[in-house]
Amino acid sequence: MWTCQRDGACCQQVGEVVMTHAERDEIERVAPSNAVLSFTPHADPRFVRLRAAPCPLYREGCTVYPVRPYNCRRFACQRTDYLTQAWDQGPQTRQDRRQLVMIQRKAQSWARKHGWTDDAA
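Residues numbered from 1 in each chain as written. Predicted model: local features only at pLDDT ≥ 70, side-chain atom pairs only at ≥ 80, totals over all residues. Heavy atoms only, no water.

K.L.:
Would you mind showing me how to read the packing of aromatic side chains here?
P.N.:
What characterises a pair of aromatic rings is the spacing of the ring centres plus the angle enclosed by the ring planes. Here the structure, examined in full by the defined rule, presents two aromatic pairs. Taken together, Phe47, Tyr70 and Trp116 form an aromatic cluster joined through their ring pairs. The ring centre of Phe39 lies 4.1 Å from the NZ or CZ of Arg24, which sits over that ring. Directly above the aromatic system of Tyr65 lies the positively charged group of Arg68, at a separation of 3.8 Å from the ring centroid. (Phe/Tyr/Trp six-rings, centres within 6.5 Å; stacked < 30°, edge-to-face > 60°. Lys NZ or Arg CZ within 6 Å of the ring centre and 35° of its normal.)

K.L.:
Mind showing me how you'd approach the sheet that holds strand β3 (residues 47-51) here?
P.N.:
Paired through backbone hydrogen bonds, the strands of a sheet run either parallel or antiparallel to each other. The strand order β1-β3-β2 describes an open sheet built from three strands, whose pairing is antiparallel. Here the strands that pair on one side only, and so sit at the sheet edges, are β1 (16-20) and β2 (39-41). Across the sheet, the mean angle separating the axes of adjacent strands is 35° when strand polarity is ignored. Bridging between β2 and β3 involves three bridges; their strand directions are antiparallel. Residue pairing across strands places Thr40 opposite Arg49, the latter belonging to β3. (Pairing = 2+ DSSP bridges. Helix = DSSP H or I, 4+ residues; strand = E, 2+ residues; numbered from the N terminus. Axes fitted to C-alpha atoms, helices over the stretch in contact; angles between N-to-C directions.)

K.L.:
Explain the pairing of β3 to me, please; I cannot follow it from the model alone.
P.N.:
In regular strands, side chains alternate between the two faces of the sheet. In terms of strand pairing, β1 meets β3 through five bridges, oriented antiparallel. Along β3, the bridge assignment pairs Val18 with Arg49. Joining the antiparallel neighbours β2 and β3 is a turn of five residues.

Structure representation (structure tokens):
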């Protein structure tokens, strides 16, 4: 079964993270005071983009983990074992399927509370 190593590999690879304004507000509320956050407008005015290459909020762990945005919550990093197992072949065991469903449900619940809708980008 694949498990997140929480080593920040995904936080080093992503160029930007799209988030709602509500998510941005939460992040700015809890981010370390010395974090340099660079937000830019998104084509859809409901969203903003955080420059994240590498993520300025990752320092030996995510400094805003409890309020990380929806796109970080559902991000499946680029680990080959995860991509092969979860996406190419599908989850291999009932436990793997349950883990993926749980991750998605939690992410979707967060998303709805923070302004994401079915038609969101």
